[in-house]
Amino acid sequence: MQTKIKSERFIWIDIMVTLLTLELMDYFYYGVRAAVLAGVCAAVSVAAELVCLRLMHRKFTADDLTCVSDALIISLMLPAVFDLKAAAIACVFAVVAAKNIFGGRLNMIFSPAAAAYVFLYTSWKNQLLMFPEPHTHTGVFEKAGSLVSSASHSFNITGKMNVSDFELLLGSVSGPAGAVSVLLLAVSAAVLLFRRSISAGAFIGSISATVLMALIVPASVTRADSVKYTLVTNMVLFASVYIVADRRIAPKREYFAFFYGFFVALFSYILVITTAKENAIVLVSMLFTPVALGFKNLEKHIELTQAAEREEAERLAAEAAADGEEAKADEQ
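Keep in mind that this is a model prediction, so the values were computed, not measured. (Residues numbered from 1 in each chain as written. Predicted model: local features only at pLDDT ≥ 70, side-chain atom pairs only at ≥ 80, totals over all residues. Heavy atoms only, no water.)

### Some words on the overall build of the chain
Step number 1: Helix and strand counts for the chain come out as 16 helices and two strands.
Step number 2: Counting across all 332 residues of the chain, residues that qualify as buried make up 48%.
Step number 3: Considering only residue pairs separated by 6 or more positions, the chain has 75% of its internal contacts joining residues 24 or more positions apart.
Step number 4: Of the accessible surface of the chain, which amounts to about 16200 Å², a share of 66% is contributed by carbon and sulfur atoms.
Step number 5: Of note, the chain has its 27 positive side-chain charges centred 8 Å away from the centre of its 29 negative side-chain charges. (Helix = DSSP H or I, 4+ residues; strand = E, 2+ residues; numbered from the N terminus. Buried < 20%, exposed > 50% of the residue type's maximum accessible area, 1.4 Å probe, protein only. Contact = heavy atoms within 4.5 Å. Areas by Shrake-Rupley, 256 points an atom, 1.4 Å probe, with all protein chains shown as cover. Lys, Arg positive; Asp, Glu negative; His and termini not counted. Charge placed at Lys NZ, Arg CZ, Asp CG, Glu CD.)

### Observations regarding the environment of L271
Step number 1: With respect to the helices, strands and loops of the structure, L271 is situated in helix α14 (residues 254-275).
Step number 2: L271 sits in the partly exposed class, given a relative accessible area of 24%.
Step number 3: For the pair formed by L271 and V284, sequence separation is 13 residues and the distance between their alpha carbons is 8.8 Å.
Step number 4: The contacts of L271, once residues within four sequence positions are left out, are A276, K277, A280 and V284.

### What to know about the pattern of salt bridges
In a structure, side chains of opposite charge can pair up when their charged atoms sit close to one another.
Step number 1: A complete count under the given rule lists seven salt bridges for this structure.
Step number 2: Of the charged contacts in the structure, one is a salt bridge between K228 and D165, with a shortest N-O distance of 3.0 Å. Here the residue K228 occupies a position in helix α12 (residues 223-232), and D165 occupies one in helix α8 (residues 165-170), the gap between them amounting to 63 residues.
Step number 3: Owing to a relative accessible area of 42%, D165 belongs among the partly exposed residues under this scheme.
Step number 4: Residues participating in the shared-partner salt-bridge network are D70, D246 and R248. (Salt bridge = Lys/Arg side-chain N within 4 Å of Asp/Glu carboxyl O.)

### A short note on the nonpolar core
Step number 1: Residues M77, Y117, F238, Y242, Y260 and V282 are the most contacted members of the largest nonpolar core, which totals 74 residues.
Step number 2: If near-sequence neighbours (up to four positions away) are discounted, Y260 is found in contact with A202, V244, I249, A250, P251, S285, F288, V291, A292 and F295.
Step number 3: If you look at the next biggest cluster of nonpolar residues, it comprises eight residues, including A209, A214, A265 and L266. (Core = buried A, V, L, I, M, F, W, Y, C linked by side-chain atoms within 4.5 Å.)

### Focus: unusual backbone geometry
Step number 1: Even without being glycine, M235 reaches a positive phi, approximately 60 degrees.
Step number 2: Its place among the elements puts M235 in the loop between α12 and α13 (236-244).
Step number 3: Overall, M235 belongs to the buried group, its relative accessible area being 3%.
Step number 4: Its identity is not glycine, yet A276 carries a phi of approximately 60 degrees, on the positive side.
Step number 5: One can find A276 in the loop between α14 and α15 (280-287).
Step number 6: Judged by its relative accessible area of 21%, A276 falls in the partly exposed class.

### Things to note about α14
Step number 1: Between its terminal C-alpha atoms α14 stretches 31 Å, which fits the 32 Å expected from 22 residues at 1.5 Å a residue.
Step number 2: Looking at the residues trailing α14, positive phi occurs at A276, about 60 degrees. (Expected span 1.5 Å × (residues − 1).)

### Quick look at the packing of aromatic side chains
The description of an aromatic ring pair uses the distance of the two centres, along with the angle that the planes make with each other.
Step number 1: Scanning all chains against the criterion turns up 13 aromatic pairs.
Step number 2: For the pair Y255 and F256, a centre-to-centre distance of 4.7 Å together with 65 degrees between the ring planes defines the contact as edge-to-face.
Step number 3: Judged by its relative accessible area of 46%, Y255 is partly exposed.
Step number 4: Taking relative accessible area as the criterion, F256 reaches 11% and is therefore assigned buried.
Step number 5: Members of the aromatic cluster, each reached through a chain of ring pairs, are F258, F259, F262 and F263. (Phe/Tyr/Trp six-rings, centres within 6.5 Å; stacked < 30°, edge-to-face > 60°.)

### Considering the packing of helix α11 (residues 200-216) against α13
Angle between the axes and distance between the axes are the two parameters that describe a pair of packed helices.
Step number 1: Running from amino to carboxyl end, α11 crosses α13 at an angle of 155 degrees, the nearest separation of the two axes being 9 Å. Classed by the angle they form, the pair α11 and α13 counts as roughly antiparallel. The interaxial crossing formed by α11 with α13 has right-handed handedness. Listed contacts from α13 to A202, F203, S206, I207 and T210 of α11 are V236, L237, S240, V241 and V244.
Step number 2: Looking at the contact of α11 with α13 residue by residue, the class counts come to seven nonpolar, three polar and no charged. (Axes fitted to C-alpha atoms, helices over the stretch in contact; angles between N-to-C directions. Parallel < 35°, antiparallel > 145°, perpendicular 65-115°, else oblique. Left-handed = near helix turned anticlockwise from the far one by under 90°. Nonpolar A, V, L, I, M, F, W, Y, C, P; charged D, E, K, R; others polar.)

So, in structure tokens, the structure goes:
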């Protein structure tokens, strides 16, 4: 048990380090307003976690600080100038409704961040999908200036993007700052995969399905552009790392996790090319929760079957050894 707890804490630390790096980029592009948004999300999530644990008569431990990483994921999916009250409500919903109602940290069914995003999508869609231009700094209490639609919206509608590859790499495009910083996300994915802090099967499955569909049914003029733009838009890379490949949600066995990630990305791509819906992968990841649960139940069945087989093999081996001892005794 101690090893498992220690591993969980290391995973949380690894994820927090990468999220804080993305938050720094968010601050670079949008100023103090982005930092305040992240701080509000984190503070509200911790407060909600404390209240929930108190009501369930449980102690708050260091492991429960995973709510902070979920809060940062939520803030990185939002416009930097998003309404603070709405963000706080979403964080409460994530902690209370998506997490603790179903048993808390040790019985995760939904990704809290994905649940919060879907909640905001249904209630504050217009605010959620309008963004400030990069390098537009807004004060904490200032009203946001002119807002624009995201680069993902433009790509979904036209199949083109009027930005350079360099701007794409650095994330200097309109959209959630944490989800458009392609270079940082790629580095974060590599680090988390190396550290085994995210599900390699789910991540590879998600990316594989995205690339495959972009080649088979290109969303752009050329297949190369289709693959490139599909990977960097609609929060595909961000969600593949922090939502689909979340070890708390994805199946434990890598081949089951691969198919889980594959199907999430497959249906997300279909939804994007048929409806032009932005950030479909986050919405689909919530809809595919039963798939993840089904794989986990199958894993439990396999583990129980294997345990029973091992016990039977040990029993037969013990009986064979006992028979051998009796035979030797009879010969003597």
